[in-house]
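Inside the fold
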Amino acid sequence: MKNALLILFSVFGAIILFYAAKKLKFRYVLLSALSGLAALFAADFVCSFFDMNLPINAFSVSVSAIGGIPGVILLNILNVLLA
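Basis of the calculations
Residues numbered from 1 in each chain as written. Predicted model: local features only at pLDDT ≥ 70, side-chain atom pairs only at ≥ 80, totals over all residues. Heavy atoms only, no water. Helix = DSSP H or I, 4+ residues; strand = E, 2+ residues; numbered from the N terminus. Buried < 20%, exposed > 50% of the residue type's maximum accessible area, 1.4 Å probe, protein only. Contact = heavy atoms within 4.5 Å. Axes fitted to C-alpha atoms, helices over the stretch in contact; angles between N-to-C directions. Parallel < 35°, antiparallel > 145°, perpendicular 65-115°, else oblique. Left-handed = near helix turned anticlockwise from the far one by under 90°. Nonpolar A, V, L, I, M, F, W, Y, C, P; charged D, E, K, R; others polar. Polar contact = N/O pair within 3.5 Å; in protein donor to acceptor, adjacent residues only side chain to side chain. Core = buried A, V, L, I, M, F, W, Y, C linked by side-chain atoms within 4.5 Å.

**Looking at the overall build of the chain**
- Along the backbone of the chain there are four helices and zero strands.
- Reading the chain from its N terminus to its C terminus gives the helix and strand order α-α-α-α.
- Relative to its 83 residues, the chain shows a buried fraction of 24%.
- Long-range contacts, defined here as pairs at least 24 residues apart, represent 63% of the contacts in the chain between residues at least 6 apart.

Written out as structure tokens, the structure is:
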């Protein structure tokens, strides 16, 4: 569990540095996080029709908020590959 948190915080820090280096405004970062969260809930809703379970927990919410839509795509791919 410690390693997963360390990786999560490292990725979070890298994304913050990426946004800071590009000098993007806070609203773009917020828009990316909100679109990722919306995509996570939409993917969970759509996956329920195909008997796939995309769990909504702290890790998946963090990945989708930090990674945006590509983070949700990554969660879906990992869900299919590891199921």
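**Things to note about the packing of helix 2 (residues 26–49) against helix 4 (residues 69–82)**
- Relative orientation of the contacting elements helix 2 and helix 4 amounts to 30 degrees, with a least axis distance of 8 Å. One way to sum up the angle between helix 2 and helix 4 is to call them roughly parallel. For helix 2 against helix 4, the interelement crossing comes out right-handed. Judged by residue contacts, Ser35, Gly36, Ala39, Leu40, Ala43 and Cys47 of helix 2 engage Ile69, Val72, Leu75 and Asn76 from helix 4.
- Broken down by class, the residue content of the contact of helix 2 with helix 4 amounts to seven nonpolar, three polar and no charged.

**Digging into the side chain of Ser64**
- Among the secondary structure elements, Ser64 is positioned in helix 3 (residues 58–67).
- What Ser64 contacts, discounting residues up to four positions off in sequence, is Ala33, Gly36, Leu37, Leu40 and Val72.

**Section: the packing of helix 3 against helix 4**
- Contact pair helix 3 / helix 4: the axes reach a minimum separation of 5 Å and the direction vectors enclose 140 degrees. By the angle class used here, helix 3 and helix 4 are oblique. Contacts from Phe59, Ser60, Val63, Ser64 and Gly67 of helix 3 reach helix 4 at Ile69, Pro70, Gly71, Val72 and Leu75.
- Taken together, the residues that form the contact of helix 3 with helix 4 break down as six nonpolar, four polar and no charged.

**Quick word on helix 3**
- Buried residues of helix 3: Ser60, Val63, Ser64 and Ile66, and no others.
- Its side-chain oxygen placed 3.2 Å from the backbone nitrogen of Phe59, Asn57 serves as the N-cap of helix 3.
- Once helix 3 finishes, Gly68 follows within two positions and takes phi at roughly 70 degrees, a positive value.

**Quick word on the nonpolar core**
- Ala39, Leu40, Ala43, Leu54, Val63, Val72 and Leu75 together form the largest nonpolar core, which totals seven residues.
- Of all elements in the fold, only helix 2 and helix 4 reach the threshold of two or more residues within this core.
- Looking at this core element by element, the count peaks at three residues for helix 2.
- Once residues lying within four places of it in the same chain are set aside, the contact partners of Val72 are Gly36, Ala39, Leu40, Ala43 and Ser64.

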